[in-house]
Amino acid sequence: MREEKHPQPDLSALRIYLNCLFVFSIKNIWPDAKFGFCQAVEQGFSCDVDVGDARISEKDFPRIEAEVRQIIDNQDINFHSKPRDDALAWARNNGQDYLTEVLETSSGPADVCFAERAGLAVPVIREEDFNRPAEPLRKFVDLHFKITGVGGAYWLNQADRPQLQRLQVAVFSTAGDLSSYLEELEAKSESDHRRIGRERDLFAFSDLVGSGLPLLPENGAVIRRQLENLVIEEENKRGYTQVKTPDLAQLSLYEATGHYPYYKSSMYSPLDIDGRQFMLRPMTCPHHFEIYKRRPHSFRELPVRLAELANLYRYEQSGELSGLLRVRAFTLSDAHIICRPDQTAGEIKTVLQFIEDVASILGLRKYEDYSYRLSLGRRDDEEKYFKDDQAWDRAEDELRTALRDRGDQFVEAEDEAAFYGPKIDIQMRNRSGREETAFTVQYDFVMPKRLGLTFINSENSESEAVVIHHSIIGSIERCMAFIIEFYGGKFPVWLSPCQLKILTVGTDESLLDYAHGLHRQATDRQIRARLDDSQESVGKKIRQSQLEAAPYVLVVGEKEMAQGRFEVRVRPDLKQPGLKEGQAYAFDEIMTTIQTEAADRS
């Protein structure tokens, strides 16, 4: 007998219509709720809702879901269409301000699809679904769904508009698919840098300090300092000059460079100081250009490579803030190469190799952990991009050729360039799957024109220079977020906040004095060692050291004190550790090995 095959439901459509059931559920709990857009996504849908002063939290999820299942079980919902004018009147009369705005300001079909239940009607409020034919409710019976989170979202993505709450709902046609997806979400959550940051005490935020302004306690500060040291050391090897410029500058500086019109929305309000307007800087390049311009430069001096770990400040909308990935105050490993036009091709290739060298030190693999994107401008958008078609063509071709000459795989993305030129972006994905620009190489043909960045050529006359902006590891904060997730909080020896954990067994004074002496020896040799001489059991101390992810752990008891040799516990995930699990070493040998691994950044 042939098995009857049932057609698979259109999940995209059903996810939108299922949103209506969630609207009924939320209205039952919060009668005055107002609704924004519902958006179908790959694994479900999102629903924007305004419940006034109330806040939807995880404890409300089961109640909302139960209400939805009750509606499905009762089969007491109908879909039908209303004329657009009737829908607008309904929205106004029922205080649905967001739907009213959409219907008043957008062009759409003549009819709007509504769902009705027990005298309550709700629209399918996504413009492209206004006139979609209704699906039979019976199809909902086989859907499996789960609210996976709630966050904030500004209405129409505008920071000066009301902030709604956005429910994220996963919807699948089988229980197995939903279960697999939830397991995947849980795995991502476990490696999310925000979760690891809390567990490892790497960073924190304070409502009193302000949103998007990260605080780094000891553990996070250690990682930050190691990344800063890495950048400076590698830049110094390659002939960069380290400079220091102020976090504040006159507004007129950014007007002169042309940055202000393009970056105004992400800059903080001007400060009035002695009758002049100053800005917290959102970028470093204008400062570096002023350093270059302080004296003439011969063609023989070029390229000039200026580098700085610069504190920058940019306004990010509240809904865009995300741990260390998006913050409002950050430190950028910023550098600018000012060179002759005939040097640009070589400098671009050198910078790309520089980025790859540092990425390798961090353990990142090309094409697996990061990829290249050639970000291009648009010749028809003179508001967003400086108008010089010939210069754009030349710059884009030069970046494209550099990538091809190196044999690099890359994608091209239109309308992603900086206003002053195209760029090569090094793209990475965080654990939530969102692609972020981690590092960048930018070709700038605008600033030399506007600011007079020139050099004295071989004929003793002035020629216009070219600027290559680049960042080897991007912002320190964003880089920290990436590597926290990449390593899952279990860092290599050189990055570990604690490289050696010393645990005591026993409470004898002579033993404790001995352990403290070992700790002092290690710290005197610049090893990040920590001592646990508490009266907890050795098992509990070991478990705590595992939670802290210390690469090496020593247990010090009477035997170890008598023999002067120690068996080392080695974190299992360490790659090619210099010390072997269970093998006895003299303490000096242990310290030397840790110092060597830290210095080699292995």
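Residues numbered from 1 in each chain as written. Predicted model: local features only at pLDDT ≥ 70, side-chain atom pairs only at ≥ 80, totals over all residues. Heavy atoms only, no water.

Asker: What should I look at first to understand the overall build of the protein in this one?
Answerer: Assigned secondary structure in the protein consists of 18 helices and 25 strands. Principal axes of the C-alpha set define a box for the protein whose edges measure 80 × 80 × 65 Å. Distance between charge centres in the protein, computed from 77 positive and 99 negative side chains, equals 2 Å. (Helix = DSSP H or I, 4+ residues; strand = E, 2+ residues; numbered from the N terminus. Lys, Arg positive; Asp, Glu negative; His and termini not counted. Charge placed at Lys NZ, Arg CZ, Asp CG, Glu CD.)

Asker: Quick question: what am I supposed to make of the nonpolar core here?
Answerer: Proteins that are soluble and globular tend to have nonpolar side chains buried together. One finds Leu-227, Leu-362, Ile-424 and Ile-473 to be the most contacted residues of the largest nonpolar core, which totals 85 residues. Residue contacts for Leu-362: discarding those within four places in its chain leaves Leu-227, Leu-230, Ile-473, Cys-479, Phe-486, Tyr-487 and Trp-494. Core analysis: the second largest hydrophobic core is formed by 31 residues, Val-23, Cys-38, Phe-45 and Leu-143 among them. (Core = buried A, V, L, I, M, F, W, Y, C linked by side-chain atoms within 4.5 Å. Buried < 20%, exposed > 50% of the residue type's maximum accessible area, 1.4 Å probe, protein only. Contact = heavy atoms within 4.5 Å.)

Asker: I keep staring at the pairing of strand E17 (residues 435–444) and nothing clicks. Help me out?
Answerer: Each regular strand displays side chains that alternate between the two surfaces of the sheet. Most of E17 is tucked away, with 8 of its 10 residues classed as buried. Relative to E17, strand E16 (residues 423–429) runs antiparallel, the two sharing 7 bridges. Opposite Ile-426, over in E17, you have Phe-439 as the bridge partner. (Pairing = 2+ DSSP bridges.)

Asker: Looking at this model, I keep getting lost on the confidence of the model for the protein. Mind explaining?
Answerer: Atomic detail in the predicted coordinates should be set aside for any region of low pLDDT. With 90% of its residues at a pLDDT of at least 70, the protein reaches an overall mean of 86. Segment residues 1–8: pLDDT under 50, and 1 contact once partners within four positions in sequence are set aside and those in other chains are kept. Of the regions scoring below 50 in pLDDT, residues 125–137 engages in 45 contacts with residues more than four places distant in sequence or in other chains. (pLDDT = per-residue confidence, 0-100.)

Asker: Looking at this model, I keep getting lost on the side chain of Lys-541. Mind explaining?
Answerer: Relative to the helices and strands, Lys-541 resides in helix H16 (residues 538–547). Among the polar contacts listed, one links the side chain of Lys-541 to the backbone oxygen of Asp-532, at a separation of 3.4 Å. A distance of 2.7 Å separates a polar atom in the side chain of Lys-541 from the backbone oxygen of Ser-534. Contacts of Lys-541, omitting those with residues within four sequence positions, involve Leu-503, Thr-504, Asp-532, Asp-533, Ser-534 and Glu-536. (Polar contact = N/O pair within 3.5 Å; in protein donor to acceptor, adjacent residues only side chain to side chain.)

Asker: So what exactly am I meant to see when it comes to helix H15 (residues 509–524) here?
Answerer: Since the α-helix advances by 3.6 residues per turn, residues separated by three or four positions end up pointing in the same direction. Helix length check: H15 (16 residues) gives 22 Å between terminal C-alpha atoms against 22 Å at 1.5 Å per residue, within 8%. On the buried face of H15, the contacting elements are strand E21 (500–504), strand E22 (529–532), strand E23 (552–556), helix H17 (558–563), strand E24 (565–570) and helix H18 (587–600). Positive backbone phi, at 65°, marks Gln-526, one or two positions downstream of H15. (Expected span 1.5 Å × (residues − 1).)

Asker: What is the right way to look at the sheet that holds strand E25 (residues 584–586) in this model?
Answerer: Sheet strands line up and pair through hydrogen bonds in the backbone, either parallel or antiparallel. Pairing in this open sheet of 5 strands is mixed, and the strands run E22-E21-E23-E24-E25 from one edge to the other. Every interior strand has two partners, whereas the edge strands, E22 and E25, have only one. Looking at each pair of strands side by side, their axes are set apart by 35° on average, direction ignored. Bridging between E21 and E22 involves 4 bridges; their strand directions are parallel. (Axes fitted to C-alpha atoms, helices over the stretch in contact; angles between N-to-C directions.)

Asker: I would appreciate a short explanation of the packing of aromatic side chains in the present structure.
Answerer: Given two aromatic rings, one states the distance between the centres and the angle between the planes to describe the pair. Tallied over the full model, the rule gives 14 aromatic pairs. For the pair Phe-37 and Trp-155, a centre-to-centre distance of 5.2 Å together with 20° between the ring planes defines the contact as stacked. Placement of the pair is Phe-37 in strand E1 (residues 34–41) and Trp-155 in the loop between strand E6 (144–154) and strand E7 (163–172), with a sequence separation of 118 residues. What makes Trp-155 buried here is its relative accessible area of 2%. Ring pairing ties together the aromatic residues Phe-22, Phe-45 and Phe-145, which thus form one cluster. (Phe/Tyr/Trp six-rings, centres within 6.5 Å; stacked < 30°, edge-to-face > 60°.)

Asker: Honestly, the sheet that holds strand E14 (residues 371–376) in this entry has me stumped. Any pointers?
Answerer: Pairing is mixed in the open sheet, where 8 strands are placed in the order E8-E12-E13-E20-E17-E16-E14-E15. Here the strands that pair on one side only, and so sit at the sheet edges, are strand E8 (241–242) and strand E15 (410–414). Strand contacts of helix H11 (residues 344–361): strand E12 (304–313), strand E13 (329–339), E14, E16, E17 and strand E20 (466–475), with the helix running at about 5° to E20, the strand carrying the most contacts. Docked against the sheet, helix H12 (residues 389–405) engages E14, E15, E16 and E17, running at close to 165° with respect to E14.

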